[in-house]
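# Per-entry structural report
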Amino acid sequence: MTSAGIMYSTSTTINSSDNPSGSSSAGSTRPVGAYIASDGFWDSITDERVNEFYLLRGGPSYIIAVVSIYLYFVLSLGPRLMAKRAEPFKLNKLLLLYNMGMTLANLWLFIQGLLVSNYGLDTWGCGKFGGDIRQSPRRGIYLGYLFFLTKLIELLDTVFFVLRKKKEQVTFLHVFHHSIVPIFCWIGIKLAPGGPNGFFPLVNSFIHVIMYSYYALTTFGPRVQPYLWWKKYLTRLQMIQFVLVMINATKTFMSQDCKFPLLFSYLQAAVACAFLVLFAMFYRDAYYKKQSRIAAGKKRQLDAKDANCAALKEEEVTCNKMQPTANGLLEQASCGQSVRRTNGIAKVATNIKTV
């Protein structure tokens with residue numbers, strides 16, 4: 001992995017001799033911001049083994065454009081278009097194929113990742129090569145690139161939500177997660193492929209095998225709902241995933257002999273911590289608070305039934321205490337009829353006619 005070898009400041013300019021493109025005339029200068037945004041800068045700090053892959057050449061303009069288009073559609077254009085449509089799209093067959101395809105793709109990535117990383121041991125901490133990403137196997141880098149592509153394909157998750165008018169599914173956590181992960185995967189595979197950076201793709205592929213299997217089952221409708229009780233455990237697995245990434249990153253930057261760039265260890269820990277907090281908040285709102293609301297609703301219903309029963313008993317006691325005079329017998333009969341009707345007994349008292 002090469003280095004740009006340039007120290008930057010807000011006032012620094014880049015001479016044409018430092019410009020990888022060599023397009024400027026001798027003695028001309030170039031603003032630092034423009035140079036950092038150029039493909040030449042990113043190619044100068046990129047692991048040369050990834051330059052052969054599409055979307056990894058040059059700067060981040062392509063990935064930023066893809067994510068920007070995604071955000072514009074799912075947050076603005078898509079909802080406005082669907083508001084003009086009376087019915088949502090019925091995509092059950094397409095979703096079944098999509099979810100099954102993503103399940104198989106992640107399963108293949110997970111199995112191949114295990115084989116190329118000595119069952120994950122080479123990605124744990126500094127691993128086999130002491131964190132030296134220059135010794136990462138080329139096949140592992142290729143698998144990392146394929147994993148990055150799956151993160152772009154997963155943007156369709158939100159697109160399908162919009163087309164099906166599932167507004168409640170397009171949450172901040174969902175959109176933030178789908179926007180940030182492809183960008184950080186691009187940074188990781190481009191600048192520090194392999195080594196400890198291979199741990200998250202390995203674990204995440206396993207989680208997504210289970211997740212997309214769940215989504216595939218949901219396409220069969222209400223008849224399979226009783227068998228999908230394990231959804232909350234899937235969220236727990238995702239949180240465990242982030243805890244493991246944080247532990248792995250901590251092992252990396254606490255190791256004195258590790259050659260893995262510290263910046264990426266800190267980045268892994270920070271991003272995993274942020275997602276752990278967001279997923280924990282989602283879990284609390286989706287399960288604990290929901291169960292509390294259900295329990296509170298049931299309690300209100302029971303309290304209402306108890307109050308109704310108490311009122312009926314009080315009315316019945318009052319009726320029984322009436323005097324058996326002519327007028328009192330009439331009142332007692334009417335009162336008893338009211339109690340019986342309140343309890344759902346459709347029986348007409350006949351003693352009123354006698355009086």
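Keep in mind that this is a model prediction, so the values were computed, not measured. (Residues numbered from 1 in each chain as written. Predicted model: local features only at pLDDT ≥ 70, side-chain atom pairs only at ≥ 80, totals over all residues. Heavy atoms only, no water.)

Mapping Gln-112 onto the fold places it in helix 4 (residues 92-116). In this structure, Gln-112 is in contact with Arg-139 and Leu-143, ignoring residues within four places of it in sequence. (Helix = DSSP H or I, 4+ residues; strand = E, 2+ residues; numbered from the N terminus. Contact = heavy atoms within 4.5 Å.)

Let us now look at the pattern of salt bridges. Scanning the model with the defined rule gives six salt bridges in all. When the shortest N-O distance is used, the salt bridge between Lys-151 and Glu-154 registers 2.9 Å. Since its relative accessible area comes to 4%, Glu-154 is described here as buried. Between Arg-284 and Asp-285 there is a salt bridge whose closest N-O contact spans 3.3 Å. According to the relative accessible area criterion, Asp-285 is partly exposed, its value standing at 34%. (Salt bridge = Lys/Arg side-chain N within 4 Å of Asp/Glu carboxyl O. Buried < 20%, exposed > 50% of the residue type's maximum accessible area, 1.4 Å probe, protein only.)

Before going further, it helps to examine the confidence of the model for the protein. For the protein, the average pLDDT comes to 82, and 75% of its residues sit at 70 or higher. Summarising per-element confidence for the protein, the mean pLDDT is lowest in helix 12 (residues 351-354) (41) and highest in helix 6 (residues 156-163) (98). Across residues 1-28, confidence stays below pLDDT 50; counting only partners more than four residues off in sequence or on other chains, it has 45 contacts. Note that residues 344-355 has pLDDT below 50 and, in this model, 11 contacts with residues that lie over four places away or in other chains. (pLDDT = per-residue confidence, 0-100.)

Within the secondary structure layout, Val-175 lies in helix 7 (residues 172-191). Through-space distance from the C-alpha of Val-175 to that of Leu-155 is 8.9 Å; in sequence the pair is 20 residues apart. Filtering out sequence-adjacent residues up to four positions away, Val-175 remains in contact with Tyr-70, Leu-71, Leu-75, Thr-158 and Val-170.

Applying the stated criterion to the full structure yields 22 aromatic pairs. For the ring pair Phe-53 and Tyr-142, a centre distance of 6.1 Å and an interplane angle of 40 degrees mean the geometry is tilted. Note that Phe-53 is positioned in the loop between helix 2 (39-44) and helix 3 (61-83) and Tyr-142 in helix 5 (residues 138-153), a separation of 89 residues in sequence. Judged by relative accessible area, Phe-53 falls into the buried class, the value being 9%. An angle of 40 degrees between the planes, with centres 5.0 Å apart, marks the rings of Phe-253 and Tyr-266 as tilted. Of this pair, Phe-253 sits in helix 9 (residues 231-254) while Tyr-266 sits in helix 10 (residues 262-320), and the two are 13 residues apart along the sequence. (Phe/Tyr/Trp six-rings, centres within 6.5 Å; stacked < 30°, edge-to-face > 60°.)

Positive phi, normally seen in glycine, also occurs at Leu-55, with a value near 80 degrees. Overall, the relative accessible area of 16% leaves Leu-55 in the buried class. For Tyr-119, which is not a glycine, the phi torsion comes out positive at approximately 60 degrees. Here Tyr-119 lies in the loop between helix 4 and helix 5.

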